[in-house]
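Letter by letter, the chains look like this.
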Amino acid sequence: VPGSPIAYWLSDKIISAFDLQKIDKYAISEGQNITGNNEKYLKLFWELDSKRIAVKSDWELIAKGGGYRKWYGNIIDVINWSDSAKEHYRKNKIARIQPDHLWFRSGITWNLTAGSKPAFRLLPFEYLFNKASPTILFDNDDEKKINFFMGLLNSKVSFFLLNVLNPTLSINIAEVLKIPFSWQNDSEIIYFVKKSVLLSQTDWDSRETSWDFEQSPLLNKTNALEQAVQTWQKQVTKDFFQLHTNEEELNRIFIDIYGLQEELTPEVALKDITILQEELSKNDMVALEDDFRANGANAIELPIDKGEVISQFISYAIGLFMGRYRLDKPGLNIAHPNPTQEELVSYPYNNGKVIIDEDAILPLMGKNCNFPDDALQQFQQVLDTIWGHETRTENINFIQDCLDKDLEKFLVKDFYKYHCKMYKKKPIYWLIASPKGAFQVLVYMHRMNAFTVEKIRANYLLEHIKNIRTEIMVLEGNASNLNTQEAKTLDRLRSDLIECEAYDMELKNVADQQISFDLDDGVTVNYKKFETVVAKIK
């Protein structure tokens, strides 16, 4: 056994397996990309100008580890790949850059720190990889070999052998290259691997945090939102159990190849299927396991968190208002500064019209404000545009059932926290908010400029203060006749007025500075420039 580990308990079959050829017969991996300053040279892709992210551009997508996920995904980082940055990687004593013959090659990547189990994923040729995401490559980017070894590495046989070679939490390239194998040009292996990669990719790309996201998966030509969720759930349930079948079949094939039927079984726990990770709880999946084994997939309904599904859709809808996405075109629309008039123009869809917000400033105060472009009103309009005005009440009731709370409350109180979590504490929509939220608006970072804060103050905060004063005057004029609820409203308005007037001084100070920023610096640096007027990132 390579490395002579203490493994006295191995059977003769396992020991003899190490007489086979090793993966290093076909795979290579040389050097690492280490920036020497990740804060400066590594960002999440959504922080930057999207037009500067591409193969042979200033910023390149790069595999950098991530959570436990098999087959495909986890690529959300970009590395500065400008000429000056590459020169830095070559000359800096603590930085490294890979030989250029390893750039933009298909391969197999994984997390250096694996936790309880390793998870191997396809590295598409458009992407680079760094130290936290070890990767092996193959001569001529041989697709058959990539698929064969993907199947082997994601099988129980591989997990078992890796544990023999290195029973620690780290999965090093050296151990992966020393895994023994018997080459099988097996069309069944290739089929199951390709299908598994496709299912994982479909799941990954259905989320805004994928570079290849196109549109919400709930835009599936149904007549109401509840039907859209049901249609989506039916499809992803099918995908989930198909992926589960694929993994167990691959286990069975490789266990047979190695003759390890006495050591291993092909079963895969439901909790170890790595699609629908946001929508399914591992504890719920563990609770389903016995029922699934006894009665099969047809007897199981996946415990999808519909609140999560609806939260994702609300996030997508916010993106429609901001112009980040369009209903009539897939993928990103505006994810860069200085959009063109064509990118900003409103457009027809179904029997309605989608209005891209003129200034990318979205009031987030619900019924406590009088702005026609408030997020609640705009969201209702999008529902009407997609599914028809006659379904609005039905759709909103369904949304509130899924969220288990009022839609307005979710938007005003919970959306920003959800957005920060989805975008890994690097939000693209910033909450400009007074300390207790008496005034708050969302603004789209990519469309901000030196005059955005002044627009917020002049067009929204001062107008909001004026409206509060008017409401106070009306209620005070009828003070002797107020009921309990009206009296509470008056108290709230007085409190809101004090808060907003104090906040106006802070906002004016920031507006007068006419702050501009470079997206290349990333959210953390740029958000701090507005720290006195923005909500804390939680």
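What counts, and where the lines are drawn
- Residues numbered from 1 in each chain as written.
- Predicted model: local features only at pLDDT ≥ 70, side-chain atom pairs only at ≥ 80, totals over all residues.
- Heavy atoms only, no water.
- Patch = residues over 30% accessible without salt bridge, like charges linked within 9 Å, V, L, I, M, F, W, Y side chains within 5 Å.
- Areas by Shrake-Rupley, 256 points an atom, 1.4 Å probe, with all protein chains shown as cover.
- Salt bridge = Lys/Arg side-chain N within 4 Å of Asp/Glu carboxyl O.
- Lys, Arg positive; Asp, Glu negative; His and termini not counted.
- Charge placed at Lys NZ, Arg CZ, Asp CG, Glu CD.
- Helix = DSSP H or I, 4+ residues; strand = E, 2+ residues; numbered from the N terminus.
- Buried < 20%, exposed > 50% of the residue type's maximum accessible area, 1.4 Å probe, protein only.
- Phe/Tyr/Trp six-rings, centres within 6.5 Å; stacked < 30°, edge-to-face > 60°.
- Lys NZ or Arg CZ within 6 Å of the ring centre and 35° of its normal.
- Axes fitted to C-alpha atoms, helices over the stretch in contact; angles between N-to-C directions.
- Parallel < 35°, antiparallel > 145°, perpendicular 65-115°, else oblique.
- Contact = heavy atoms within 4.5 Å.
- Nonpolar A, V, L, I, M, F, W, Y, C, P; charged D, E, K, R; others polar.
- Pairing = 2+ DSSP bridges.
- Expected span 1.5 Å × (residues − 1).
- Polar contact = N/O pair within 3.5 Å; in protein donor to acceptor, adjacent residues only side chain to side chain.
- 1 Å grid on protein atoms, 1.4 Å probe; cavity = no way out; pocket = protein on both sides within 12 Å on 5 of 7 lines; lining within 4 Å.
- Points joined across faces, edges and corners; volume = space filled by probe spheres on them.

The grouping of Glu226, Glu394, Asp401 and Asp404 at the surface amounts to a negative patch. Take Asp401: it is sitting in helix α13 (residues 392-403). Given a relative accessible area of 63%, Asp401 falls into the exposed group.

This part is about the packing of aromatic side chains. According to the stated counting rule, one finds 33 aromatic pairs in the structure shown. Each member of the aromatic cluster is reached from another via a ring pair, and the members are Tyr26, Phe138, Phe148, Phe149, Phe181, Trp183 and Phe254. Against the face of Tyr26 rests Lys25, its NZ or CZ located 5.8 Å from the ring centre. The aromatic ring of Tyr347 is capped on one face by Arg326, whose charged end is 4.0 Å from the ring centroid.

The next point concerns the packing of helix α4 (residues 143-153) against helix α7 (residues 187-205). Relative orientation of the contacting elements α4 and α7 amounts to 80 degrees, with a least axis distance of 9 Å. The orientation of α4 relative to α7 falls into the category roughly perpendicular. Contacts between α4 and α7 involve Glu143, Lys144, Asn147, Phe148, Met150 and Gly151 from the former and Ile189, Ile190, Val193, Lys194 and Val197 from the latter. Residue classes in the contact of α4 with α7 are distributed as 6 nonpolar, 2 polar and 3 charged.

Spatial ordering of the open sheet is given by β11-β13-β12, a layout of 3 strands whose pairing is antiparallel. At either margin of the open sheet sits one strand with a lone partner, and together these are β11 (361-363) and β12 (429-433). Going across the sheet, the axis of each strand differs from the next one's by a mean of 25 degrees, ignoring polarity. The sheet contact formed by β12 and strand β13 (residues 440-444) spans 5 bridges and is antiparallel. The partner of Tyr429 across the bridge, within β13, is Tyr444. Contacts between helix α14 (residues 407-422) and the sheet are confined to β12 and β13, with β12 contributing the most and set at about 140 degrees to the helix.

Take helix α10 (residues 306-322) next. Residue pairs three or four apart in sequence face the same way in an α-helix, which turns once every 3.6 residues. Spanning 17 residues, α10 covers 25 Å between terminal C-alpha atoms, matching the ideal 24 Å at 1.5 Å per step. In terms of burial, α10 is a largely internal element, 16 of the 17 residues being buried. A positive phi of about 90 degrees marks Gly323, the residue just after α10.

For Arg105, the position within the fold is in the loop between α3 (83-91) and β5 (107-109). Put simply, Arg105 and Tyr127 are 22 residues apart on the chain and 7.4 Å apart in space, counted from C-alpha to C-alpha. In this structure, Arg105 is in contact with Ile28, Leu123, Pro124, Phe125, Tyr127, Leu137, Phe138, Asp139, Asn140 and Asp141, ignoring residues within four places of it in sequence. Engagement of the side chain of Arg105 in a polar contact is seen with the backbone oxygen of Phe138, the distance being 2.9 Å.

So, about unusual backbone geometry. At Trp71, a residue that is not glycine, the phi angle is positive and equals roughly 80 degrees. Its place among the elements puts Trp71 in the loop between β3 (59-63) and β4 (77-80). Judged by relative accessible area, which is 0%, Trp71 ranks as buried. One non-glycine residue, Gln514, lies in positive phi territory at about 50 degrees. Looking at the element boundaries, Gln514 is found in the loop between α16 (484-513) and α17 (522-528).

Our next topic: a positive patch on the surface. Taken together, the side chains of Lys417, Lys421, Lys424, Lys536 and Lys538 present a region of like positive charge at the surface. Along the chain, Lys424 turns up in the loop between α14 and β12. The partly exposed category is assigned to Lys424, whose relative accessible area is 48%.

This paragraph deals with the side chain of Asp77. On the secondary structure map, Asp77 appears in strand β4. One buried charged residue, Asp77, remains without a salt bridge, the closest side chain of opposite sign being Lys64 at 4.3 Å.

Here we come to the layout of surface pockets. Looking at the largest pocket, its volume works out to about 980 Å³. Looking at the lining of the largest pocket, the elements that each hand over two or more residues are α7, α8 (225-258), α10 and α14. Classifying every residue of the lining of the largest pocket by side-chain character gives 16 nonpolar, 12 polar and 13 charged. Approximately 790 Å³ is the volume attributed to the second largest pocket. Lining the second largest pocket we find 29 residues, and of these Ser434, Pro435, Lys436, Gly437 and Gln440 sit closest to its centre. When contributions to the lining of the second largest pocket are tallied by element, the ones reaching two or more residues are α14, β12 and α16.

Now for the environment of Thr470. Secondary-structure assignment places Thr470 in helix α15 (residues 452-476). Remark: the alpha-carbon pair of Thr470 and Glu39, spanning 431 residues in sequence, is separated by 48 Å.

As a further point, take the pairing of strand β8 (residues 135-138). The alternating pattern of β8 places Thr135 and Leu137 and Ile136 and Phe138 on opposite faces, both of which are buried. As defined by bridge partners, strand β1 (residues 27-28) adjoins β8 across 2 bridges and the pair is classed as antiparallel. The residue of β8 that forms the bridge with Ile28 is Leu137. The pairing of β5 with β8 spans 3 bridges and is classified as antiparallel. Bridge assignment links Thr109 to a residue of β8, and that residue is Thr135.

Counted under the stated rule, the structure contains 2 cavities of 30 Å³ or more. The computed volume of the largest cavity comes to approximately 70 Å³. Taken together, Tyr72, Gly73, Ile75, Leu122, Pro124, Tyr127, Trp204, Asp205, Ser210, Trp211 and Asp212 make up the full set of residues lining the largest cavity. For the lining of the largest cavity, the per-class residue count stands at 7 nonpolar, 2 polar and 2 charged. Lining the second largest cavity, in full, are Phe45, Glu208, Ser210, Trp211, Phe213, Tyr325 and Leu332. Of the residues in the lining of the second largest cavity, the class split is 5 nonpolar, 1 polar and 1 charged.

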